[in-house]
Amino acid sequence: MPIRVLLVEDSDVYRDSLVFLLGSRTELEVVDAVPDGASALRAYREHAPDVVVLDYRLPDFDGAAVAAELDSAVVFLSASAGRDEYDAASSAGAALVRKDEGIDALVRAVRAAAGR
């Protein structure tokens, strides 16, 4: 059974790219992809994903605030991860993957978050 992933990313181009790249992995199923925190909370309730891949900086909410509302494993994404982002991820019990680490690092983090 594939790992059900909700993707939350405000950049349309990057989000579409991740949907394609993650969706091409047989062990993953992207159940929804949304651009902001409010949409993330609605999509989370609708789809009950195994893992939420969550951009740390969203236009309407801080990623840590969104993660606090979820009862799911979370993997944060960040273009420029500094001490604050790493501390927030650690406090949330989440992994943090920098966007420049590539798709394989993200897939590994999603698998680990799902316990696989």
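This structure is a prediction, so every number in the text was calculated from the model and none was measured.

Draft legend 1. Broad picture of the pattern of salt bridges. Inspection of the entire model under this criterion finds eight salt bridges. The salt bridge involving Arg15 is made with Asp12; its shortest N-O contact spans 2.6 Å. Here the residue Arg15 and the residue Asp12 both occupy positions in helix 1 (residues 12-23), the gap between them amounting to three residues, near one helical turn. Residue class for Asp12 comes out partly exposed when judged on its relative accessible area of 46%. Here Arg25 makes a salt bridge to Asp104, at a shortest N to O gap of 2.7 Å. One end of the pair, Arg25, is in the loop between helix 1 and strand 2 (28-34); the other, Asp104, is in helix 5 (residues 103-113), and 79 residues separate them in sequence. Under the relative-accessibility criterion, Arg25 is labelled partly exposed at 23%. Residues joined in a network through salt bridges with shared partners are Glu9, Asp55 and Lys99.

Draft legend 2. Quick look at the sheet that holds strand 3 (residues 51-55). Across the sheet, which stays open at both edges, the five strands sit in the order 2-1-3-4-5 with parallel pairing between neighbours. The sheet is open, and its two edges are formed by strand 2 and strand 5 (95-98), each paired on a single side. Neighbouring strand axes in the sheet, compared pairwise and without regard to direction, differ in orientation by 25° on average. Where helix 1 meets the sheet, it contacts strand 1 (3-8), strand 2 and strand 4 (73-78), and its direction lies at approximately 165° from that of strand 2. In this fold helix 5 packs onto strand 1, strand 2, strand 3, strand 4 and strand 5, with an angle of close to 160° to the strand it touches most, strand 4.

What counts and how
- Residues numbered from 1 in each chain as written.
- Predicted model: local features only at pLDDT ≥ 70, side-chain atom pairs only at ≥ 80, totals over all residues.
- Heavy atoms only, no water.
- Salt bridge = Lys/Arg side-chain N within 4 Å of Asp/Glu carboxyl O.
- Helix = DSSP H or I, 4+ residues; strand = E, 2+ residues; numbered from the N terminus.
- Buried < 20%, exposed > 50% of the residue type's maximum accessible area, 1.4 Å probe, protein only.
- Pairing = 2+ DSSP bridges.
- Axes fitted to C-alpha atoms, helices over the stretch in contact; angles between N-to-C directions.
- Contact = heavy atoms within 4.5 Å.

Functional significance is not addressed by these values, which are geometric in nature.
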